[in-house]
Amino acid sequence: MDRHSTLGRFETIRRDTEALTANLAPEDQSIQSMPDVSPTKWHLAHTTWFFETFILTRLDAEYRVFDPAFAYLFNSYYEAAGPRHPRPERGLLSRPTVDIVAAYRDHVGAAMSRLIEHAAESVWREAAPLIELGVQHEQQHQELILMDIKHVFSCNPLLPAYQAPQLHVQQTTTSLSWVEFAGGLHEIGHPGAEFAFDNETPRHKVWLEPFRLAARPVSCAEYRGFIDDGGYARPEFWLSDGWATVCEQGWEAPLYWRREADGEWSIFTLSGHRHVDPAEPVCHVSFYEADAFAKWAGKRLPTESEWEIAAAGLPVSGNFADCGYFHPCADDLGAPPQRAASLPRQMFGDVWEWTASPYTPYPRFRAVGGAIGEYNGKFMCNQMVLRGGAAVTPAGHLRPTYRNFFPPSARWAFAGLRLAEDV
Ligand SMILES: [Fe+2]
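Residues numbered from 1 in each chain as written. Predicted model: local features only at pLDDT ≥ 70, side-chain atom pairs only at ≥ 80, totals over all residues. Heavy atoms only, no water.

Student: Please provide a residue-by-residue account of the overall build of the protein chain, values included.
Tutor: When helices and strands are tallied, the protein chain shows nine helices and twelve strands. The C-alpha radius of gyration of the protein chain comes to 22 Å, within 12% of the 22 Å expected for a compact globule of 423 residues. Expressed as a percentage of the 423 residues in the protein chain, the buried residues total 55%. Taking the intrachain contacts of the protein chain between residues at least 6 apart in sequence as the baseline, contacts between residues at least 24 apart amount to 78%. (Helix = DSSP H or I, 4+ residues; strand = E, 2+ residues; numbered from the N terminus. Rg over C-alpha atoms; globule rule 2.2 N^0.38 Å. Buried < 20%, exposed > 50% of the residue type's maximum accessible area, 1.4 Å probe, protein only. Contact = heavy atoms within 4.5 Å.)

Here is the structure:
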């Protein structure tokens, strides 16, 4: 990508992040509702710190650091970048204020624009891939801003809506159909020169037995069947760790579901509180719940290899953040009207789909050296892979090879599931 295009892309992504916070008060932006959640203000500063630390202070001799104390406050997890503020205590940072963080963003943004336009050719060659990584990183934090503010607002008895409630039309769901895939030798992993995270590489061979994949994600109506059948009280469906978590946490439904006095379920969304729509994909379930549901249904979760083979060649379109719903929909918004009945639907957008695959390195994976090597590789333990993106993922951020990952008990991501079965 040339300098002009890079500058446009950098400035657009930075503005997109700030637009997500336009309706938030400074008080909203300072709260940390649980250790996994970061305050909005912290996301705004941390994404800025990333450009300052990994690009400006290394490649621009004239750059003046905005505030040396920020290196401690806004380093997330990079050991090579020095000590940092404990993650569970990000909500204690009443200072710097939202205004100071905005000034920090402006300072770093202006320096980055100068570097992109005027850096010597040798510096530009080194900076360009880091700028793309920083932009991709900021897009990941755009999703985190939405995930996190949803959790923050859900903890307020007033249940504030992040955005104005939209007219919600009860949707209809299709009956569940299946798409069959041949077994044999396949290849997965990122193939080309376009940007991908290191965890998507190297491309490599996998052996698959023939399998079927559900044509759409599991709906709230189907998940309600699991709840009504006592799914949360029957250990036979659960992994041992999952059952321990259900008992310890007192789970009886997905996160953000609430049983009302009339026995019906309501749901908290970024557009406010309303009835659960039976037709929309179930969301905010952990891997444990996804796995238990699949066992209850007599099916299983797909492996990440199966998911990727099924998604290969499909257009990467659907209900992403750019649609503005910020919630999964039953309709496949991005699908061409004449879609083939033989193709799986809603593979991209709506909900991240838990897979049966642990997050481990692909064969012959090597993390790059230095601090940037800490981006993905050091998390390849005790987490599960999710695929496909969600209604809060920026459009254009996803690929069929994209690997997201969370611990199996995590529920605050926009995660659902799709069933698979052996042939
Ligand atoms: Fe980050």
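Student: Can you lay out the coordination of the iron ion for me, pointing to particular residues and giving the numbers?
Tutor: The coordination sphere of the iron ion contains the protein donors His46 (NE2), His137 (NE2) and His141 (NE2), at a distance range of 2.2 Å. Here the donor residues for the iron ion map to a single chain with the spacing H-x90-H-x3-H. Taken together, the residues His137 and His141, both in helix 5 (residues 121-154) and four residues apart, mark about one turn of the helix. The same class applies to His137 as to His141, namely buried. (Donors = N, O, S within 2.8 Å, 3.2 Å for Na, K, Ca; no water.)

Student: I'd like a description of the state of the cysteines, backed by residues and values.
Tutor: Under the definition given, this model contains zero disulfides. This cysteine, Cys155, is not joined by any disulfide, and Cys283 carries the nearest cysteine sulfur, 16 Å off. (Disulfide = S-S within 2.5 Å.)

Student: Kindly report on the pairing of strand 8 (residues 352-358), identifying the contributing residues and their values.
Tutor: The buried fraction of strand 8 is high, at five of seven residues. The pairing of strand 8 with strand 11 (residues 415-416) spans two bridges and is parallel. In the strand pairing of strand 11, Trp352 is matched with Ala415. Inspection of the sheet shows strand 8 paired to strand 9 (residues 384-387) by three bridges, in the antiparallel sense. Residue Pro358 lies in a different strand from strand 9, and its bridge partner there is Met384. (Pairing = 2+ DSSP bridges.)

Student: Before we move on, could you go through the sheet that holds strand 8 and cite the residues and values that matter?
Tutor: Read across the open sheet, the four strands follow the order 10-9-8-11; overall the sheet is mixed. Single-partner strands in this sheet number two, and they are strand 10 (404-406) and strand 11.

Student: So, helix 4 (residues 98-118): which residues are in play, and what are the values?
Tutor: Between the first and last C-alpha of helix 4 there are 30 Å, a value that for 21 residues agrees with the 30 Å anticipated at 1.5 Å per step. Listed as buried for helix 4 are Val101, Tyr104, Arg105, Val108, Gly109, Ala111, Met112, Ser113, Leu115 and Ile116. Its buried side turned inward, helix 4 meets helix 1 (3-20), helix 2 (40-59), helix 3 (70-74) and helix 5. (Expected span 1.5 Å × (residues − 1).)

Student: Tell me about the pattern of salt bridges, residues and numbers included.
Tutor: This model, assessed by the stated rule, comprises 28 salt bridges. The residue Arg411 makes a salt bridge to Glu289 at a minimum N-O spacing of 2.7 Å. Taken together, the residues span a long stretch of sequence, with Arg411 in the loop between strand 10 and strand 11 and Glu289 in helix 8 (residues 287-296) at a distance of 122 residues. By relative accessible area, Arg411 is classed as buried at 11%. Its relative accessible area of 0% is what places Glu289 among the buried residues. The network of salt bridges with common partners includes Arg14, Glu18, Arg105 and Glu138. (Salt bridge = Lys/Arg side-chain N within 4 Å of Asp/Glu carboxyl O.)

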